[in-house]
Amino acid sequence: MDFFPVFLKLTQRPVVVIGGGDVACRKVDLLLAANADVTVVSPDLHPYLKRYVDAGKLHYKAKGYEKDDLTSAIQVWATTDDRALNHQVYHDAHSLGLWVNVVDDPDYCDYITPSMIDRSPVQIALSSGGASPVMLRLIREKLETQLPHNLSLQVDFAGRQRERIKAHYGTVDERRKFWERYFRLPQVENAKDEHALEAAFVALLDQPDAYEGAVYVIHHGSDTELLSLKALRLMQQSEHVLYPDHTDVAPFIELCRRDADRTPVRAVDLASEADKLAKQGVRVCVLTQEMTQDLQKVGENITLFAQSTDAL
């Protein structure tokens, strides 16, 4: 991992941008959207940025760069077309203990700007570490088509129901399972307003809770990309992941839900351990490269036998 992914709260925090040209315009737009307190330092200023200055949204120092321009900042951007000056800004910022980004120069960046999908309060950030911006754009286009049009509406509504859910369900696990059921309801996916979301919410609360355990056996080969979409979906739903203790399944485990328990067990014990957990109401994912008779006969709890094509 070349860069640690993190979302920064920049509201009213001082950020300095060195340079006032086209590149600065793009960065200033993002910084102002995050409500940062932005100061641009440059002898010349792009007309686009001047409109921000005239509107009182941006501070502007009409001068050449000096190290003292950085002293009040918590974050620095170097956006000029002068490579030597950008590197000077980088070294000056480091001497002051500040994080700095030299645009389009990854070797001189303490942080980078990811490609973003903004469905506030949901934000999705993508990065290639500066290696392939075009590939990122293509991935972003694919994700945009997969996200529901009313994602912001759904998340805003759910965020305001925390106390109602806590009053109804006593444990985090119960609340999580409720929300998983809720967000998969067709009436929620197609809701156009909060009234529709509320109606679905109340109706689901009134339904008896029937959380049953299940075993999802994922018979895989060596290539994660050959897993079926259904297998990936059920891997994300599983609360516990079992896998043989003698095999390297790390790439497949990474595709499972982050908060799932993960337990390596002896291959001969996979079926019995999965059956035991399922009887406790747990949804279990079994990752295996060897499909045994015990796994095939694990019992009535099996709801999926998924096989990637390179496991055939």
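The notes below deal with the structure included here.

Rules used in this analysis
- Residues numbered from 1 in each chain as written.
- Predicted model: local features only at pLDDT ≥ 70, side-chain atom pairs only at ≥ 80, totals over all residues.
- Heavy atoms only, no water.
- Helix = DSSP H or I, 4+ residues; strand = E, 2+ residues; numbered from the N terminus.
- Buried < 20%, exposed > 50% of the residue type's maximum accessible area, 1.4 Å probe, protein only.
- Pairing = 2+ DSSP bridges.
- Axes fitted to C-alpha atoms, helices over the stretch in contact; angles between N-to-C directions.
- Contact = heavy atoms within 4.5 Å.
- Patch = residues over 30% accessible without salt bridge, like charges linked within 9 Å, V, L, I, M, F, W, Y side chains within 5 Å.
- Areas by Shrake-Rupley, 256 points an atom, 1.4 Å probe, with all protein chains shown as cover.
- Salt bridge = Lys/Arg side-chain N within 4 Å of Asp/Glu carboxyl O.
- Core = buried A, V, L, I, M, F, W, Y, C linked by side-chain atoms within 4.5 Å.
- Parallel < 35°, antiparallel > 145°, perpendicular 65-115°, else oblique.
- Left-handed = near helix turned anticlockwise from the far one by under 90°.
- Nonpolar A, V, L, I, M, F, W, Y, C, P; charged D, E, K, R; others polar.

### Digging into unusual backbone geometry
- In this structure, Pro-121 follows Ser-120 across a cis peptide bond, with omega equal to 10°.
- For Pro-121, the location among the structural elements is in the loop between β6 (115–119) and β7 (122–126).
- Here Asn-35, not a glycine, exhibits a phi torsion of approximately 65°, which is positive.
- Residue classification places Asn-35 among the partly exposed residues on the basis of a relative accessible area of 44%.
- One non-glycine residue, Asp-104, adopts positive backbone phi at about 60°.
- Within the element layout of this structure, Asp-104 appears in the loop between β5 (99–102) and β6.

### Digging into the sheet that holds strand β2 (residues 37–41)
- Read from one edge of the open sheet, five strands run β3-β2-β1-β4-β5, paired in parallel fashion. Sheet topology places β3 (59–61) and β5 at the edges, where each strand pairs with a single neighbour. If you compare each strand with its neighbour and ignore which way they point, the axes differ by 20° on average.
- Both strand β4 (residues 75–78) and β5 contribute to a ladder of four bridges, which runs parallel. Opposite Val-76, over in β5, you have Val-100 as the bridge partner.

### Points about the side chain of His-87
- Here His-87 lies in helix α3 (residues 83–95).
- Since its relative accessible area comes to 13%, His-87 is described here as buried.
- Setting aside chain neighbours within four positions, we find His-87 in contact with Asp-105 and Tyr-108.

### What to know about a nonpolar patch on the surface
- A surface patch of nonpolar side chains, amounting to about 640 Å² of accessible area, comprises Met-1, Phe-4, Val-6, Leu-8 and Trp-99.
- A relative accessible area of 45% places Trp-99 in the partly exposed class.

### Quick notes on the environment of Leu-204
- Position of Leu-204 relative to the elements: it lies in helix α9 (residues 194–205).
- Here the alpha-carbon distance between Leu-204 and Arg-181, two residues 23 residues apart in the chain, equals 8.4 Å.
- Apart from residues lying up to four places away in sequence, Leu-204 is in contact with Phe-178, Arg-181, Tyr-182 and Leu-185.

### So, the nonpolar core
- Among the nonpolar cores identified, the biggest contains 17 residues, and Val-17, Val-28, Leu-31, Val-38, Leu-49, Leu-58 and Trp-77 are the most heavily contacted of them.
- In terms of residue count, the dominant contributor to this core is helix α1 (residues 22–33) (five residues).
- Once you skip the residues sitting within four places of it in the chain, Leu-31 turns out to touch Leu-10, Val-15, Val-17, Ala-36, Val-38, Gln-75 and Trp-77.
- Core analysis: the second largest hydrophobic core is formed by 15 residues, Ala-158, Ile-165, Phe-178 and Phe-201 among them.

### Focus on the packing of helix α5 (residues 151–159) against α9
- Where α5 contacts α9, the axes come no closer than 10 Å and their chain directions differ by 55°. Comparing their axes, α9 and α5 come out oblique. For α5 against α9, the interelement crossing comes out right-handed. Residue-level contacts link Leu-153, Gln-154 and Phe-157 of α5 to Glu-194, Leu-197, Glu-198 and Phe-201 of α9.

### Considerations on the pattern of salt bridges
- Evaluation of the coordinates by the stated rule reveals 22 salt bridges.
- Between Glu-239 and Arg-283 there is a salt bridge, with its nearest N and O atoms 2.9 Å apart. Of this pair, Glu-239 sits in the loop between α10 (229–237) and β9 (240–244) while Arg-283 sits in strand β11 (residues 283–288); the two residues are 44 residues apart in sequence, bridging distant segments of the chain.
- Arg-283 sits in the buried class, given a relative accessible area of 12%.
- Asp-259 is paired through a salt bridge with Arg-257; the nearest N and O atoms lie 2.7 Å apart.
- Here the residues in one salt-bridge network are Asp-173, Arg-176, Lys-177, Glu-180, Glu-239, Arg-257, Asp-259 and Arg-283, joined through shared partners.

### Concerning the packing of α1 against helix α2 (residues 47–54)
- Across the interface, α1 lies against α2 with an axial gap of 9 Å and an inter-helix angle of 35°. Between α1 and α2 lies a crossing whose hand is left-handed. Seen from α1, the contacting residues are Ala-24, Cys-25, Val-28, Asp-29 and Leu-32; seen from α2, they are Tyr-48, Leu-49 and Tyr-52.
- Its residues assigned to classes, the contact of α1 with α2 shows seven nonpolar, no polar and one charged.

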